[in-house]
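Chain by chain, the residues:
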Amino acid sequence: EDTWKWEGDLIRCTGQPVGVTRSVKTYTNFELVVEWRHLKFAGNSGIFLWSPRESLDPLKPGQLPHGIEVQVLDPGYEEQYEKDTGKKGDWFTGHGDVFPVGSAKLKPFPPVSPDGSRSFPRKRLTRRAGEWNHYYIRAVNGEVRLWVNGEEVSGGSNVEPRTGYLALESEGSPIEFRGLRIRELP
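About the cut-offs
- Residues numbered from 1 in each chain as written.
- Predicted model: local features only at pLDDT ≥ 70, side-chain atom pairs only at ≥ 80, totals over all residues.
- Heavy atoms only, no water.
- Phe/Tyr/Trp six-rings, centres within 6.5 Å; stacked < 30°, edge-to-face > 60°.
- Buried < 20%, exposed > 50% of the residue type's maximum accessible area, 1.4 Å probe, protein only.
- Helix = DSSP H or I, 4+ residues; strand = E, 2+ residues; numbered from the N terminus.
- Lys NZ or Arg CZ within 6 Å of the ring centre and 35° of its normal.
- Salt bridge = Lys/Arg side-chain N within 4 Å of Asp/Glu carboxyl O.
- 1 Å grid on protein atoms, 1.4 Å probe; cavity = no way out; pocket = protein on both sides within 12 Å on 5 of 7 lines; lining within 4 Å.
- Points joined across faces, edges and corners; volume = space filled by probe spheres on them.
- Nonpolar A, V, L, I, M, F, W, Y, C, P; charged D, E, K, R; others polar.
- Pairing = 2+ DSSP bridges.
- Axes fitted to C-alpha atoms, helices over the stretch in contact; angles between N-to-C directions.

## Section: the packing of aromatic side chains
So, point 1. Evaluated as defined, the whole model comprises nine aromatic pairs.
So, point 2. Relative to F30, the ring of Y27 lies with its centre 6.0 Å away and its plane at 65°, an arrangement referred to as edge-to-face.
So, point 3. Under the relative-accessibility criterion, F30 is labelled buried at 0%.
So, point 4. Here Y77 and F92 contribute two aromatic rings whose centre-to-centre distance is 5.5 Å and whose plane-to-plane angle is 80°, an arrangement assigned as edge-to-face. Here Y77, found in helix α2 (residues 76-85), pairs with F92, found in the loop between α2 and β7 (98-101); they are 15 residues apart in sequence, far enough to count as distant.
So, point 5. Its relative accessible area of 27% is what places Y77 among the partly exposed residues.
So, point 6. Connected via pairs of aromatic rings, a cluster forms that spans Y77, Y81, W91 and F92.
So, point 7. Against the face of Y165 rests R22, its NZ or CZ located 4.3 Å from the ring centre.

## Observations concerning the pattern of salt bridges
So, point 1. Under the counting rule described, the total for this entry stands at 14 salt bridges.
So, point 2. Notably, a salt bridge pairs K25 with E184, separated by 2.5 Å at the nearest N-O pair. Linking K25 in the loop between β3 (19-22) and β4 (30-38) with E184 in strand β13 (residues 175-184), this pair joins segments that are 159 residues apart in sequence.
So, point 3. Each of E7, R12, R37 and E176 takes part in a single network of salt bridges with overlapping partners.

## What about the layout of surface pockets?
So, point 1. The computed volume of the largest pocket comes to approximately 210 Å³.
So, point 2. Taken together, E1, T3, W4, P17, V18, G19, V20, T21, L59, K60 and P61 form the lining of the largest pocket.
So, point 3. Top contributing element to the lining of the largest pocket by residue count: β3, with three residues.
So, point 4. Tallied by class, residues from the lining of the largest pocket come to six nonpolar, three polar and two charged.
So, point 5. Its volume calculated, the second largest pocket comes out at about 160 Å³.
So, point 6. The wall of the second largest pocket is formed by 13 residues, among which N44, Q71, F99, R118 and E171 lie closest to the centre.
So, point 7. Secondary-structure elements contributing two or more residues to the lining of the second largest pocket are β6 (67-73) and β7.

## What to know about the sheet that holds strand β11 (residues 151-160)
So, point 1. In space, the eight strands of this open sheet follow the order β1-β2-β13-β4-β9-β10-β11-β8, with antiparallel pairing throughout. Looking along the sheet, the strands with just one partner apiece sit at the ends: β1 (4-7) and β8 (105-108). Strand-to-strand twist across the sheet, computed as the mean angle between neighbouring axes with direction ignored, equals 25°.
So, point 2. Here six bridges tie strand β9 (residues 133-140) to strand β10 (residues 143-148), and the two strands are oriented antiparallel to one another. What sits directly across from A139, in β10, is V144.

If you want it as structure tokens, here you go:
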């Protein structure tokens, strides 16, 4: 209860503990629009699509569900990773990766991460902490596409499962979401 606060169309998340808040119902084909901004440098979060109930019901703090994650990462996360590890984070980006988590399956659109599991964005369009970003996600018949700040950048096809819950992720850093809208499609 202390992690998530709804104030009109503004959703505030403290980032602690790690976990998710999910939709009341399941979705199959839909469009999702949301704006988000990290409140601290190197913030990490995500939007989960098509998460099955079996992966949500036993969820404990610190765990994440199965499903397709649409990364919501501050570009500063890449810089912090390199500073902390001394290595370039070539397995992720801060600009709209789309990838499967747990038992979910996805054939990522190119360009892809070195291990082939993530769809990397074709353009780096994410704004830094404190600035609002706009995501448009279209998920239809097992295909997901992501637009970041007005341009399509990443996605994938052959998703399994292709029906499930939608969830916003709390992953260690404060974040705000606003203008969240979901429209079901046939």
